[in-house]
Each structure stands twice: as structure tokens, then as C-alpha cells.
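Letter by letter, the chains look like this.
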Amino acid sequence: MADNNTQAAESVFRADTNGYFGAYGGAELPPHLVAPIAEVREAYAKAVNDPEFQAEFHDLMAKYVGRPSLLYYAENLTKKMGGAKIYLKREDLNHSGAHKINHCLGEVLLAKRLGKKKVIAETGAGQHGVALATAAALLGLECEIHMGEIDVEKQHPNVIRMQLLGAKVVPVSAGGRSLKEAVDSAFDTYAADYQDTMFCIGSVVGPDPYPSMVRDFQSVVGKEARQQIQEVEGRLPDAIVACVGGGSNAMGLFDAFLGDAEVDIYGVEPGGEGLSGNRHAATMAKGSAGFIHGMNTLVLQEEDGSPSPVHSIASGLDYPGVGPQHAALRDAGRVNYVTCDDREALEAFSELSRTEGIIPALESSHAVAYACKLAKEMGPDQIVIANLSGRGDKDVDYVAERLGL
Ligand SMILES: *Cc1c(COP(=O)(O)O)cnc(C)c1O
């Protein structure tokens, strides 16, 4: 990457005082949400510089989540691809099986610091709801998860998990009875009751401070990986790869490497059934500047500005927007955004399961697929790190059906 590119990119490594990364971000809120979100912003600005808060967070990371997670050299996969060495950052080994627990614990810790009794969120496929319910159970806060009625039916095991963890699941029957309605319902409940409640967003999306705050909580992933690869290889990787839904596991891995101009960075979006038509969720490839969930970012949208219907084989990736910092990093030329389609993700799912004995989440399979593609084009003296954002146990029934097992 040329030096002038790196300089241009640096301005989007951190948000400005209004929460903007270049042209994207901000906090454009309806009047009833201005005060509640301002409270979160102030609290986080203090917590981020408070050694006691940071120590408590990192203590939980070590003693509850099980960090540092392994940086695993996938030797069998490397040999099969016949190119660069492939390393996997094993977020699938975290307690609760994915990276989401990192930011959920950070957010619930902040809620506790604010003296709140309850955390609230929406969930689509249920992964965020389960991670938040886990963190709330540990830290002794009530947890309320809003979920569209259709998703409640489709994601029954996650509904049970949340209930077992002590959370209250609120089915939402308005409109299309899906994620969009669940977001509105959760925000309205929050606005009415924010003295006692904090809203916890599940990715690097939403109004400022959430994109920065969730990135900071996830940045432990890249900090560890950067140190681990230097310990085993004595140098930085040539490329790093992560899947991008909203973009939290990707920002978590990328953040520590943004200033390393010699490291190529790849974000992999879900190409679904192909980029023509709307059976994908490739916001970078096909979206345009727009507004969603309190932020300015790239959005897959209809002519009237409403979010388009999206699809991915990985339910955690089917979001019509993307974290604003990703949009800015693309414009600045620091991160390359590419796509993998459903079929490639499914192939990588099977490949990693068979060659390494690791069953990846379908979301993470997008990163594995692209890392394999890259490795094949690179030399044996080169290194690729892929973020294995979660384990695939949740996906086995669906994959078995697709593969006719
Ligand atoms: C939710 C989820 C994702 C997508 O979310 P990001 O915010 O884009 O990281 C990716 N992988 C797994 C395993 C998930 O559960």
C-alpha cells in the first residue's frame, strides 16, 4: 500500500468528535432517543480511559471468556491449498462459541457502571440475544430481548437458550414480524425506560458511540493475533481476512493492523446467490450512501430509501447496512472488500471440518473461503490470518439438509 494512501486512511482509524469516520457515522436520532444515547456516549468516554474499568473488562476476558484465544496454524489446510501459511484466530473457542461475547461483556459492564438494572436489545437470528443474555446472567442484570415473531419460530433453540439464561424474550407482532420491527420495538421500550436500562447493540453499527465502543471491545482479537504471530513467525502477516455482516469481528481483527501498511486487509461480504438481483447482502459491492439505524453509511436500499430485503446462507451476515468505519476504510483504500457466495461458504465449511476437524460457523466460513483463495495465489513463505468468528454447531442441521446428509 502506498504511503500517501496510508496517510489518507489514518484519518478514519478513529471517529471525529461528532462520531464520523470520514463521510460516514454520526448519531442522527429521533428526539426521544437523544438523551439516552448521549448518556451512553458520556459514560463510555470516561470508561475508555478508566484503568479500573479496563482492568475489570480484561479480567473477564481472561477468566470467563478464556482469552487469549488460540492463533492456530492450519497445517493440513495449508498443505491442501499449496500456497501461503494459513492461520486461524480461534474466536470459536471463546465461552459461548463466538466473538460476540467480547462486546456483550463490555456493554453490560458499562450498563452496570451506569447503575442500570437492565439491558435491552433486538436480535434477528438470536446470536446477539444469547451472547447478551450470557453476559447479563454473569453480571447480575436483567435482560430483555425483542425478536420478530417469525424469528422466534425459526430460531427456537436460541429462544430457549435466552430463557434458560434468565432473559425475557419479547415477540414482536408488528409489520413484517422480523428484525426491522424488533429494532423499533426495542428502541421504543428503551426510550420509555432509560433511567433503568441500557441499549446494547450487537455490532459496530448504530449511532455514535456504538461503532467505536463495540470496535474497542473487540479490538482484543487483533491485539492478540498481532502479538501471537510475531511470537511464532517473528513477523507480521501478509494478509488478514474476516467476514463482514455489521462488521464487529472484522473491526476487532483489523484495528491493531490498520497502521501496518505492509499488511493487506480483506473484509468478506456475503455474496449469497450472486450479486445480480437481491439474493445477497453485499453492502459494499452494491450499496449506496444512505441512512439506517441512526447512522450514515452504505446501505442496500430501495428507491424510496427503505432497506432492501437481503439474503445470506449465514443468518449473522444478512444485514442491509454496514458499520460506518468499514465504509470509510473502503473509501480511504485501506481495506479491500470482496465477496464469497453461499456455495463457496458451504464448501469452506465442509473443507475445514474435514481437513482440520474444526466445524466453523457459516459466517466464518466466508472468511475461510477467501483466505483459501488468497493462500493459493501466494507463496509458501507468506502468511494469511483468517478470523474464525464462531463455531458451527448452530449450523449443522441446516448444512445437513443442504448437503442431503
Ligand atoms: C454475528 C456473527 C457474525 C457477524 O457479525 P459481525 O458484526 O459482522 O462480526 C459473524 N460471525 C459469527 C460467528 C456471528 O455470530
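Before reading further, recall that the structure is shown in the block above.
Residues numbered from 1 in each chain as written. Predicted model: local features only at pLDDT ≥ 70, side-chain atom pairs only at ≥ 80, totals over all residues. Heavy atoms only, no water.

**Q** I keep staring at unusual backbone geometry and nothing clicks. Help me out?
**A** Outside of glycine, negative phi angles account for most residues, and trans bonds account for most peptide bonds. With an omega of -5 degrees, the peptide bond between R67 and P68 qualifies as cis. Of note, the amide linkage connecting D208 to P209 takes the cis form, showing an omega dihedral of 15 degrees. Note on placement: P209 falls in the loop between β8 (197–199) and α10 (210–218). If you check the backbone angles, S96 has positive phi at about 80 degrees while not being a glycine. Along the chain, the position of S96 falls in the loop between β4 (85–90) and α5 (100–113). Accessibility expressed as a relative area gives 32% for S96, which makes it partly exposed. Of note in the backbone geometry, H293 takes a positive phi value of approximately 45 degrees without being a glycine. Looking at the element boundaries, H293 is found in the loop between β11 (288–292) and β12 (295–299). Taking the relative accessible area as the measure of exposure, H293 reaches 29% and is therefore partly exposed. (Helix = DSSP H or I, 4+ residues; strand = E, 2+ residues; numbered from the N terminus. Buried < 20%, exposed > 50% of the residue type's maximum accessible area, 1.4 Å probe, protein only.)

**Q** Mind showing me how you'd approach the sheet that holds strand β3 (residues 71–73) here?
**A** With respect to topology, 6 strands assemble into an open sheet ordered β3-β4-β14-β9-β10-β13, the strand pairing being mixed. Each edge of the open sheet is held by one strand with a lone partner, namely β3 and β13 (336–341). Across the sheet, the mean angle separating the axes of adjacent strands is 30 degrees when strand polarity is ignored. Direction of pairing for β4 relative to strand β14 (residues 383–388): parallel, over a ladder of 6 bridges. Each bridged residue has a counterpart across the sheet, and for Y87 the counterpart in β14 is I385. (Pairing = 2+ DSSP bridges. Axes fitted to C-alpha atoms, helices over the stretch in contact; angles between N-to-C directions.)

By themselves, these figures tell us nothing about what the structure is for.
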